Amino acid sequence: MAKPIATITNTLMNAPLPLLIEKLGMAIAHAQVELDKNSIKLANELAKTNVRIKDKDYNLLALGFTPTFYAFTEATVEAKISFSLHETFSFEVGGEVSFGVKDIYATTVSFSVARKFEQSAEGSSSIATRIISLPSPDKFKAILDQEASNAEIPITKIVVTSTSNTLDATAATIAAPATLALTTVLEPVNSTNNAIIWTIAPATADISISTTGVLSALKAATPTSTLITVKAAAKDNSSVFGERIITVNQ
C-alpha cells in the first residue's frame, strides 16, 4: 500500500502552483502596462483631434474629453487536486475428495488469494481577475485645465481697412506723396496672438509699409498711378491673411 500513496503524494507535491501564481502575476503586470500605453495613446489622439465651434478650433482634451485608465484590483488563483485509493482483498479455499475401489481415494485442494488496488487522481484550476476603470489623475486634470485656459486661439479671418483723418475708412486711393494708416479687423475677437506681418507687392523704392501698417508713398511708380496690394498676414502661423488694393496716384 505504501507505493500507491507515495505516488499520489508526489503528484500533489509536484503540482506547479508557485509557477501558476508567478505566471499570473507577470501576465497582469504586462496587461497593466499595455492598458496604460493605450490610455496615453488615446490622450495624444484627443490632443491632436480638433473640433471647430463657431470658427474656433478646440482639441478634444481642451473640451474636457479625457482618456480612461484601468487597474487590476485583485486576482485569484484556485487549484484543486483530489485523489482516492481503493483496496480489495479476496481469499478462496476449495477442495475435492474422490473414492475409488479398494478404499483408494484422491484429494484435490485449491487455494487462491487476490489483492487489488485502485487509485485515481483529478486536478482542476481556475484564474479570476477583476479590472476597474479609474478617473483621470488629479494632476493630469489640473494640467489639462491650465493648458485649456492658456490655449492659443488662432486668427481665422483678417479684414484690412484704413483709418485716417482725411480719408474715409474705406478709401483705397491716395495721392503721392502721402501716408495711409492701415489697420485690421480680426476674427475671432478673442484671438490670443494678434500680431500682423505687413507686406506690399510689387515692392518699389518709393512705396513702402511699416511694421505697424503705415503705407508711405513718395511718388507713384508710374507717371500716372500704380496699384499696390497690401497684405496683412497672421503671425501665429495659421496661414490666414487679408489683402487690400491701394491705388497710388501721382
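Residues numbered from 1 in each chain as written. Predicted model: local features only at pLDDT ≥ 70, side-chain atom pairs only at ≥ 80, totals over all residues. Heavy atoms only, no water.

Caption draft 1: Representation of the overall build of the protein within the structure. Scanning the protein from terminus to terminus reveals three helices and twelve strands. Put simply, the protein has 250 residues, and 21% of those count as buried. Long-range pairs, those at least 24 residues apart, make up 65% of the contacts in the protein between residues at least 6 apart in sequence. Carbon and sulfur atoms provide 57% of the accessible area of the protein, an area that totals close to 17,300 Å². (Helix = DSSP H or I, 4+ residues; strand = E, 2+ residues; numbered from the N terminus. Buried < 20%, exposed > 50% of the residue type's maximum accessible area, 1.4 Å probe, protein only. Contact = heavy atoms within 4.5 Å. Areas by Shrake-Rupley, 256 points an atom, 1.4 Å probe, with all protein chains shown as cover.)

Caption draft 2: Main features of the nonpolar core. Counting residues in each nonpolar core, the largest one holds 22 residues, and the members touching the most others are Ile158, Trp198, Leu215, Val230 and Val248. Element by element, the count of residues in this core is highest for strand 11 (residues 225–234), at four residues. (Core = buried A, V, L, I, M, F, W, Y, C linked by side-chain atoms within 4.5 Å.)

Caption draft 3: Quick peek at the sheet that holds strand 12 (residues 241–249). If you walk across this open sheet you meet the four strands as 6-12-11-8, and the pairing is mixed. Two strands lie at the open edges of the sheet, namely strand 6 (173–175) and strand 8 (196–201), each paired on one side alone. If you compare each strand with its neighbour and ignore which way they point, the axes differ by 30° on average. With nine bridges joining them, strand 11 and strand 12 adopt antiparallel strand pairing. Bridging from a neighbouring strand, Leu227 pairs with Thr247 of strand 12. (Pairing = 2+ DSSP bridges. Axes fitted to C-alpha atoms, helices over the stretch in contact; angles between N-to-C directions.)

Caption draft 4: Representation of the pairing of strand 10 (residues 214–217) in the model. The two faces of strand 10 differ: Leu215 and Ala217 on one face are buried, but Val214 and Ser216 on the other face are not. Of the pairings in the sheet, the one linking strand 9 (residues 207–209) to strand 10 comprises three bridges and is antiparallel in character. In the sheet register, Ser208 faces strand 10, and the bridge partner there is Ser216. Here strand 9 folds back onto strand 10, and the loop between the two strands holds four residues, one of which, Gly213, carries a positive phi near 90°.

Caption draft 5: Highlighting unusual backbone geometry. A cis amide bond links Ala176 to the next residue, Pro177, at an omega of -5°. Topologically, Pro177 is positioned in the loop between strand 6 and strand 7 (178–187).

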